[in-house]
Amino acid sequence: MHALKKNRPLRRVTLAAAATVTGFVLLLSLKPHTAPTPAEASSSVGHSSTASPGDSSGGSKSTGTRTVTGDSVQTRWGPVQVRITLKDGKITESAAVVYPSDNPRDQEINSYAIPQLRRETLAAQSARIDSVSGATYTSDGYKQSLQSALDSAGF
């Protein structure tokens, strides 16, 4: 006779309960997808470019300072959007203006990933930067938004 047949019904009940609890825990561990807020949704439609007074809006090696915001890129955990500042044809500043921060885990990951991505951007002077280990989705979104900003600037 099989071990789970009628002579041991308590084992079947225990296994069924364990399977139910395991399935419930796995279901609760899934992170729900959240839609972007209306402000983020409107900014993802296009990109904005602003220039300081007296700046030129010439080609890729223009003089002066200007700030360009890349497209909002939707990642698995939320949108990512990058703003860069260009001065005399060089990237002088890079900042993530929108990034996932809905829960403590997102905040923890991005507290070390965003500064690292900024340093990589300033060092590389392009969107050809390494991803941050443990923040792959944020890194990919950052690189795509950064490339969008660079394309808008004609860099």
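Notes on the structure follow. (Residues numbered from 1 in each chain as written. Predicted model: local features only at pLDDT ≥ 70, side-chain atom pairs only at ≥ 80, totals over all residues. Heavy atoms only, no water.)

### Examining the packing of aromatic side chains
Consideration 1: Following the criterion strictly, the structure yields one aromatic pair and no others.
Consideration 2: Here Trp 77 and Tyr 137 contribute two aromatic rings whose centre-to-centre distance is 6.4 Å and whose plane-to-plane angle is 85°, an arrangement assigned as edge-to-face. Pair noted here: Trp 77 is in the loop between β3 (73-75) and β4 (78-87) and Tyr 137 is in helix α4 (residues 136-153), with a separation of 60 residues, a long-range link.
Consideration 3: Judged by relative accessible area, Trp 77 falls into the partly exposed class, the value being 29%. (Phe/Tyr/Trp six-rings, centres within 6.5 Å; stacked < 30°, edge-to-face > 60°. Helix = DSSP H or I, 4+ residues; strand = E, 2+ residues; numbered from the N terminus. Buried < 20%, exposed > 50% of the residue type's maximum accessible area, 1.4 Å probe, protein only.)

### Points about the layout of surface pockets
Consideration 1: Quantified by volume, the largest pocket comes out at close to 150 Å³.
Consideration 2: Around the largest pocket, the lining comprises 12 residues; the ones closest to its centre are Trp 77, Asp 106, Ile 109, Gly 134 and Tyr 137.
Consideration 3: Secondary-structure elements contributing two or more residues to the lining of the largest pocket are α3 (104-124) and α4.
Consideration 4: In terms of residue count, the dominant contributor to the lining of the largest pocket is α3 (four residues).
Consideration 5: For the lining of the largest pocket, the class distribution of residues is five nonpolar, four polar and three charged. (1 Å grid on protein atoms, 1.4 Å probe; cavity = no way out; pocket = protein on both sides within 12 Å on 5 of 7 lines; lining within 4 Å. Points joined across faces, edges and corners; volume = space filled by probe spheres on them. Nonpolar A, V, L, I, M, F, W, Y, C, P; charged D, E, K, R; others polar.)

### Regarding α3
Consideration 1: Between its first and last C-alpha, α3 extends 30 Å over 21 residues, near the 30 Å set by a 1.5 Å rise per residue.
Consideration 2: Taken as a whole, α3 carries its principal kink of about 35° at Asn 110.
Consideration 3: Taking the backbone nitrogen of Arg 105 as reference, a side-chain oxygen 2.9 Å away marks Asn 103 as the first, capping residue of α3. (Expected span 1.5 Å × (residues − 1). Bend = angle between axes of the 7 residues up to and from the residue. Polar contact = N/O pair within 3.5 Å; in protein donor to acceptor, adjacent residues only side chain to side chain.)

### Considerations on the environment of Arg 83
Consideration 1: Examined against the element boundaries, Arg 83 turns out to sit in strand β4.
Consideration 2: Put simply, Arg 83 and Val 68 are 15 residues apart on the chain and 5.6 Å apart in space, counted from C-alpha to C-alpha.
Consideration 3: With sequence-adjacent residues up to four places away left out, Arg 83 is seen in contact with Thr 67, Val 68, Thr 69, Glu 93, Ser 94, Ala 95 and Val 97. (Contact = heavy atoms within 4.5 Å.)

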